[in-house]
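# Results of the structural survey
As a plain string of letters, each chain reads:
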Amino acid sequence: MSHAEAGAGAGPGPGVAAWFEGRALLVTGGAGFMGKVLLEKMLRALPGLRRVYVLLRAKRGLAPARRLHDMLQLPVFSRVRGECPAALGKLVAVEGDLLLPGLGLAPAERALLEREVSVVVHAAASLRLESPLGPALRHNVLGTQRVLELAAGFARLEAFVHLSTAFCHPTQAVLEERCYPPPAPPHDLLRLAHWLDDDALNSLAPRLLGAHPNCYTFTKQLAESLVNDARSRMPVIIVRPSIVLPALEEPVAGWVDTLNGPMGLVAGAGKGVIRSMLVGRHFLVEVVPVDIAANAIICAAWDGALRGKEEAETPVYNLTSGDMVHMTWGEVLEVGRKLVYEEPFEGVVWYPDGDIRDSRLAHELIVFFFHTLPAYFIDLLLLLALQKTFMVRLQRRVRVGLELLQYFTTRQWRFATARARSLEARLGPRERRLLRLSVRDLDVEAALRAMLLGTRQFCFKEPLSSLPRARRHIKMLYVIHQLTKLLFWGALVYVPLMYITIFRTTLDAVCTQVFGNIPFPIVPIK
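Residues numbered from 1 in each chain as written. Predicted model: local features only at pLDDT ≥ 70, side-chain atom pairs only at ≥ 80, totals over all residues. Heavy atoms only, no water.

### A short note on the overall build of the chain
Selection rule: Strands here are runs of E lasting at least two residues and helices are runs of H or I lasting at least four, both read from the DSSP assignment and numbered beginning at the N terminus. Partly exposed describes any residue whose relative accessible area lies between the buried limit of under 20% and the exposed limit of over 50%, with all areas from a 1.4 Å probe on protein chains only and scaled to the type maximum. Accessible surface area values rest on a Shrake-Rupley calculation with a 1.4 Å probe, where residue burial reflects the displayed protein chains alone.
Secondary structure assignment for the chain yields 19 helices and 11 strands. The C-alpha extent of the chain, read off along each of the three principal axes, is 110 × 55 × 50 Å. Split into buried and exposed, the 526 residues of the chain put 50% on the buried side. For the chain, the accessible surface area stands at approximately 25,100 Å², while carbon and sulfur atoms represent 62% of it.

This is the structure we're talking about:
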């Protein structure tokens, strides 16, 4: 495909690829799950890109340049290595850290970015739902402020794209594609975080969070407010993805490298560790595959830069699929049950026969009997065998994870998506194929199968060649599971009957001793 063909758009102005021609970009969070897919798609879909600067910090003794080199060897970049290997040279690591003043940039690198960069994609954030308030404020709010301060000095800046989340406004019955007032002034909270230690901040957190379920959504809403306030100084754009799934098609179907979020639950259930989850069975699932989200981020930068200048408010794009794929959590479970039996993980500890429940009481009972008690029993056996225990610790982590996610799975979320949906209409026919934004014709079972196999291969490093052995193992576990259920229900019936029999026999013996051979009960003579 030529540059002209790739850049042909349906609306006025240049197409996506043509608009990005000759530009230099700055991307934060490029080493994350979404960041890797975004960088890969930019290299393949935007052939005219001149340079992509990736903000990275040194980690585990590795310099940013080495981290970038190692990252490019991952399977996510296999298509680029095969189809356009020269494009990999467009990625340049820039050493920086969101937690440092001025991002810790060297003066020469700062001057280079100020001179060359015209598009910023700020995707770096702390995604830990259990994060305390102090670290969340520093990563998600102060980090965003520092990136905005850097971008304010970019002479050519035409788009600052901030990656948020669709769940950062929990009080809205329907989340519109617009900005909302923050729950507290972001700058005041940053000053508070500067003067107070983390323990003091944590003591204040319950009062500060209000309706927010955790510090992640709270600080992401504060960050949105900072970005919106910067609109008078630069062209800002906000993109809000919902729950992000593994890749639907690109660069590799099912690609994922993190167990954060939904795939962690799938893995826990597939391994037989999670037996119950509190979920609204009839609520629609609000998700977006990572490759669809990456395509939308690219298109939002282009669309927001061209159309945003004419608008009074910050362009906001809600990325989710509930309005296109009407599927409930209960329906997803039924498909998932079938797939974890057909494409099982290795090392499954028990037959994956978990369920989702609407009742908190039923869920807590199942967790106690099938999560907590077995964990203590297994650790006891390991202790007696002089082995290292781990199951109780693992189940505590699982419980924390389940409790954090329950807020999102026990209510129906509703999102306005008109602006996000309009992106597809503005693309030309070729770019619609190149930058897929729609999941209307999605084969749900095929997509979930690819995602399950992707989690198996890329997260657990389990080759597909081990599937026959894993299937034999799951069949054996199924037999054991059924026998265990038979024994359990048999014991549930037998033990009470046994105690009733013992009680009746004992009572008869006592009556015989007291009343002689008069059978019990004594029937009065009329």
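### Section: helix H4 (residues 64–71)
Test applied: Here the arc refers to the directions that run from the helix axis out to each C-beta atom.
Considered for burial, the residues of H4 that qualify are Pro64, Arg67, Leu68 and Met71. End-on view of H4: buried residues confined to an arc of 100 degrees, all on one side of the axis.

### Let's talk about the pairing of strand E6 (residues 236–241)
To keep it simple, the criterion reads: One bridge is not enough; two strands pair if DSSP finds at least two bridges between them.
The buried fraction of E6 amounts to six of the six residues, a majority that puts the element mostly inside the structure. Residues of E6 alternate between two faces, with Val236, Ile238 and Arg240 on one and Ile237, Val239 and Pro241 on the opposite face, all of them buried. With four bridges joining them, strand E5 (residues 159–163) and E6 adopt parallel strand pairing. Looking at the pairing, His162 lines up with Ile238 of E6. Bridge count between E6 and strand E10 (residues 316–319): four bridges; the pairing is parallel. Its bridge partner being in E10, Arg240 is matched across the sheet by Asn318.

### Here's the deal with the UniProt feature "domain: Thioester reductase (TE)" (unreviewed entry) in the chain
Put simply, the rule is: UniProt positions are given in the numbering used here, feature names are shortened, and annotations may be inferred rather than shown by experiment.
Feature annotation in UniProt places "domain: Thioester reductase (TE)" (unreviewed entry) on residues 27–297, given in this structure's numbering. Split by type, residues 27–297 is 41% helix and 14% strand. Its first and last C-alpha atoms lie 12 Å apart.

### Things to note about the UniProt feature "transmembrane region" (unreviewed entry) in the chain
Sequence positions flagged by UniProt for "transmembrane region" (unreviewed entry) are, in local numbering, residues 365–386 and 476–497. Here residues 476–497 runs as 100% helix and 0% strand, with 32 Å between its end C-alpha atoms.

### Regarding the environment of Gly272
The line we're drawing: Any two residues whose heavy atoms approach within 4.5 Å at even a single point are treated as in contact.
Summarising the element assignment, Gly272 is placed in the loop between helix H11 (262–270) and strand E8 (276–278). Among residues more than four places away in sequence, those in contact with Gly272 are Val348, Val349, Trp350 and Pro352.

### Things to note about the environment of Glu177
Going by this rule: By the criterion applied in these results, polar contacts are pairs of N or O atoms within 3.5 Å in which, for protein atoms, one can donate a hydrogen and the other can accept it, and in which residues neighboring in sequence qualify only through two side-chain atoms.
If you trace the backbone, Glu177 turns up in the loop between E5 and helix H8 (186–195). Here Glu177 falls in the buried class, since its relative accessible area comes to 16%. Glu177 sits 160 residues away from Arg337 along the chain, and the two C-alpha atoms are 35 Å apart. Ignoring sequence-local partners within four residues, the contact set of Glu177 consists of Arg240, Val316, Tyr317, Asn318, Ala416, Thr417, Ala418, Arg419 and Ala420. A polar contact is formed between the side chain of Glu177 and the backbone nitrogen of Ala418, at a distance of 3.1 Å.

### Quick look at the packing of H8 against helix H10 (residues 215–229)
Keep this limit in mind: A fitted line through C-alpha atoms represents every axis, and for helices the fit uses only the stretch in contact; the resulting angles, taken between N-to-C directions, go from 0 to 180 degrees. Here the angle decides the label: under 35 degrees means roughly parallel, over 145 means roughly antiparallel, 65 to 115 means roughly perpendicular, and every other value means oblique. Gly is placed with the polar residues, together with every amino acid not listed as nonpolar (Ala, Val, Leu, Ile, Met, Phe, Trp, Tyr, Cys and Pro) or charged (Asp, Glu, Lys and Arg).
The contact between H8 and H10 brings their axes to 9 Å, and the two run at 125 degrees. With respect to H10, the axis of H8 lies oblique. Taken together, the residues of H10 that come into contact with H8 (itself represented by Pro186, His187 and Leu189) are Phe218, Leu222, Ser225 and Leu226. Residue composition of the contact of H8 with H10, grouped by class: five nonpolar, two polar and no charged.

### Overview of the sheet that holds E6
Remark on secondary structure: sheet strands pair via backbone hydrogen bonds, oriented parallel or antiparallel. Pairing in this open sheet of seven strands is parallel, and the strands run E3-E2-E1-E4-E5-E6-E10 from one edge to the other. Edge positions in the open sheet fall to strand E3 (91–95) and E10, since each of these has one partner strand only. Ignoring strand direction, the axes of neighbouring strands in this sheet form an average angle of 20 degrees. Against the sheet, helix H7 (residues 133–151) makes contact with strand E1 (24–28), strand E4 (117–122) and E5, and its axis sits at roughly 175 degrees relative to E4, the strand it touches most.

### Some words on the pattern of salt bridges
Side-chain pairing between opposite charges can occur once the charged atoms of the two side chains come close. Threshold: Counted as salt bridges are all cases of a side-chain nitrogen of Lys or Arg within 4 Å of a carboxyl oxygen of Asp or Glu.
This structure, assessed with the given rule, holds 28 salt bridges. Two residues, Arg191 and Asp188, come together in a salt bridge whose shortest N-O distance is 2.3 Å. In this pair, Arg191 and Asp188 both sit in helix H8, three residues apart, roughly one turn of the helix. Arg191 gets classed as partly exposed once you look at its relative accessible area, which sits at 49%.

### Quick look at the pairing of strand E2 (residues 51–56)
Going by this rule: With strands facing away from the observer, any crossover in which the path from the first strand over the helix to the second runs clockwise is taken as right-handed.
The buried fraction of E2 amounts to five of the six residues, a majority that puts the element mostly inside the structure. As paired strands, E1 and E2 are joined by five bridges and run parallel to one another. Its bridge partner being in E2, Leu25 is matched across the sheet by Val52. Each parallel crossover has a hand, and the one from E1 via helix H3 (residues 33–45) to E2 is right-handed. Pairing geometry for E2 and E3, over five bridges, is parallel. Counted as the bridge partner of Val54 is Ala93 from E3.

### Topic: the nonpolar core
Note the cut-off: For our purposes a nonpolar core is just a set of buried Ala, Val, Leu, Ile, Met, Phe, Trp, Tyr and Cys residues, chained together by side-chain atoms within 4.5 Å.
In terms of nonpolar packing, the biggest core is built from 104 residues, with Val16, Phe20 and Val239 touching the most fellow members. In terms of residue count, helix H12 (residues 290–307) provides more of this core than any other element does, 12 residues in total. Non-local contacts of Phe20, meaning those with residues more than four positions away in its chain, are made with Leu25, Leu46, Gly48, Leu49, Val119, Ile298, Ala301 and Trp302. Counting 42 residues, the second largest nonpolar core, distinct from the first, contains Leu133, Leu150, Phe154 and Cys179.

### With respect to the confidence of the model for the chain
Heads up, the rule is: Think of pLDDT as the predictor's per-residue confidence, scored from 0 to 100.
Here the chain shows a mean pLDDT of 87. Residues at 70 or above account for 95%. Per-residue pLDDT stays below 50 along residues 1–7; that stretch engages in 14 contacts with residues further than four places along the chain or on separate chains.

### Describing unusual backbone geometry
The linkage connecting Glu250 with the following residue, Pro251, adopts the cis geometry, with an omega of -5 degrees. Here Pro251 shows up in the loop between strand E7 (243–245) and H11. Residues other than glycine seldom take positive phi values, yet Arg60 does so here, at roughly 50 degrees. As for its placement among the helices and strands, Arg60 is situated in the loop between E2 and H4. By relative accessible area, which is 76% here, Arg60 ends up exposed. The phi dihedral of Lys461 falls on the positive side, at around 55 degrees, and the residue is not glycine. Looking at the secondary structure, you find Lys461 in the loop between helix H18 (444–459) and helix H19 (467–515). Residue Lys461 is classed as exposed on the basis of its relative accessible area, which comes to 63%.

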